[in-house]
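Summary of the model geometry
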Amino acid sequence: MIRVLGFIFIVLVWGCNTPQKQESATMEVRKIITAGGTITEIVYELGFGDQIIATDITSTYPISMQSLPSIGYRNQIKAEGILALGPDLILAEEGYLSEDVVNQLKSAQIEIHFFKKPIRVEETKKLITDLAAFFEAQVEGNRIVAELQADLDSLQSYLLLNNSSPKAAFIMARGPQTVFMAGESTFAQSIFELAGLQPAASGFKDFVPVTPEALVTLNPDFLVFFDSGIESLGGKEGLAQVKGLSETPAFKNGHILSFDGHYLSGFGPRVGKAALELAKAARP
């Protein structure tokens, strides 16, 4: 009788635990590649970072993602390199992978899903919600959105007490000979407006080469760079190499701001923090 009861107990325990073990095993073997730093950050924050086996070059946060294999950047990405990693799933920004690469991956029966890269807070919240729904992790998604909203509330409280509107221009630099200015319909315009700054550049979209005349005419109070852009110019001392830049009030007053590229432009879960940091830096 005791042996029979013991056997029944073992069967019951095995029956209760089996679904969880099976589910856990399924989760362990899922191998994800992310293409786009914002997607990578959100997937990680949702609790699925341990399933990411490779990322692209823009996926710099959290720092642990930098130790994973990189598939490259946009047009540099090849299907062969992705397939060699043996992924089960690819999550990518819209337009990030070339059409040829997408077709090759689909021919190899790789599951691919695309998401729009956000440049506005509303789009950030939607991306978080969409990825949370994809992973059936709505509770975590709601938490992330709530934390983002709390950051935005802190930003608004700060701006109510500091309602000046300094004029700022974002400069994209990749060496002294490759310097561009951000215009309308860019992340820069969005993050400036979010931080209560007046975008100096208007009348053109996307990024255009910087000219001395444009810099002097726009007359920005602050110049904003990526850290990598400042480094490509040889540090802040090297900014004078950019013709016209030394004539701006921003340069003369030492109002040069520099941020991590993904942090400032990613419009991920930390966008509220980034905007508040920018708002405070532009109001010393």
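Bear in mind that the values here come from a model prediction, so they are computed numbers and not experimental data.

Our focus in this paragraph is the packing of helix 6 (residues 138-161) against helix 12 (residues 271-281). The geometry of helix 6 relative to helix 12 is characterised by a closest axis approach of 8 Å and an angle of 20° between their N-to-C directions. When the axis of helix 6 is compared with that of helix 12, the two are roughly parallel. Here helix 6 runs over helix 12; the crossing is left-handed. Contact residues: helix 6 offers Leu 148, Asp 151, Leu 152, Ser 154, Leu 155, Tyr 158 and Leu 159, while helix 12 offers Val 271, Gly 272, Lys 273, Ala 275, Leu 276, Ala 279 and Lys 280. Split into classes, the residues belonging to the contact of helix 6 with helix 12 amount to nine nonpolar, two polar and three charged.

To continue, consider the pattern of salt bridges. Taken as a whole and assessed by the stated rule, the structure comprises eight salt bridges. The residue Lys 126 makes a salt bridge to Asp 130 at a minimum N-O spacing of 2.7 Å. Taken together, the residues Lys 126 and Asp 130, both in helix 5 (residues 121-134) and four residues apart, mark about one turn of the helix. With a relative accessible area of 51%, Lys 126 lands in the exposed category. Residues participating in the shared-partner salt-bridge network are Glu 140, Arg 143 and Glu 147.

A word on the environment of Val 101. In this fold, Val 101 is placed in helix 4 (residues 99-107). Using a relative accessible area of 5% as the deciding quantity, one classes Val 101 as buried. Spatially, the C-alpha atom of Val 101 lies 6.3 Å from that of Lys 78, the residues being 23 residues apart in sequence. Here Val 101 is in contact with Ile 77, Lys 78, Ala 79 and Ile 82, once residues within four sequence places are set aside.

Pairing of strand 3 (residues 89-93) with strand 4 (residues 111-115), which is carried by five bridges, proceeds in the parallel orientation. The partner of Leu 91 across the bridge, within strand 4, is His 113. Regarding topology, helix 4 serves as the crossover connection from strand 3 to the parallel strand 4, and that connection is right-handed.

In this section: the sheet that holds strand 4. Strand order in the open sheet made by the four strands is 2-1-3-4, with parallel pairing throughout. A strand with exactly one partner marks an edge of an open sheet, and here the two such strands are strand 2 (52-54) and strand 4. Recorded for the sheet is a direction-independent mean angle of 30° between the axes of neighbouring strands. The pairing of strand 1 (residues 32-35) with strand 2 spans two bridges and is classified as parallel. Bridging across to strand 2, Ile 32 finds its partner in Ile 52.

Okay, the nonpolar core next. Counting residues in hydrophobic clusters, the biggest one holds 48 residues, and the most contacted among them are Leu 91, Leu 131, Phe 170, Ile 191, Val 224, Leu 264 and Leu 278. Beyond its immediate sequence surroundings of up to four residues, Ile 191 is in contact with Leu 264, Phe 267, Val 271, Ala 275 and Leu 278. By size, the runner-up hydrophobic cluster in this structure holds 19 residues, among which are Ala 173, Leu 218, Leu 233 and Leu 239.

As a general feature of sheets, a regular strand has side chains that alternate between the two faces. Counting buried residues along strand 3, five of its five residues qualify, which places the element largely inside the surrounding structure. Of the two faces of strand 3, both are covered, the one formed by Leu 89, Leu 91 and Glu 93 as well as the one formed by Ile 90 and Ala 92. Note that strand 1 and strand 3 share four bridges and pair parallel. Its bridge partner lying in strand 3, Ile 32 is registered against Leu 89.

Calculation notes
- Residues numbered from 1 in each chain as written.
- Predicted model: local features only at pLDDT ≥ 70, side-chain atom pairs only at ≥ 80, totals over all residues.
- Heavy atoms only, no water.
- Axes fitted to C-alpha atoms, helices over the stretch in contact; angles between N-to-C directions.
- Helix = DSSP H or I, 4+ residues; strand = E, 2+ residues; numbered from the N terminus.
- Parallel < 35°, antiparallel > 145°, perpendicular 65-115°, else oblique.
- Left-handed = near helix turned anticlockwise from the far one by under 90°.
- Contact = heavy atoms within 4.5 Å.
- Nonpolar A, V, L, I, M, F, W, Y, C, P; charged D, E, K, R; others polar.
- Salt bridge = Lys/Arg side-chain N within 4 Å of Asp/Glu carboxyl O.
- Buried < 20%, exposed > 50% of the residue type's maximum accessible area, 1.4 Å probe, protein only.
- Pairing = 2+ DSSP bridges.
- Right-handed = clockwise from strand over helix to strand, strands pointing away.
- Core = buried A, V, L, I, M, F, W, Y, C linked by side-chain atoms within 4.5 Å.

Function-wise, these values are silent; they only describe arrangement.
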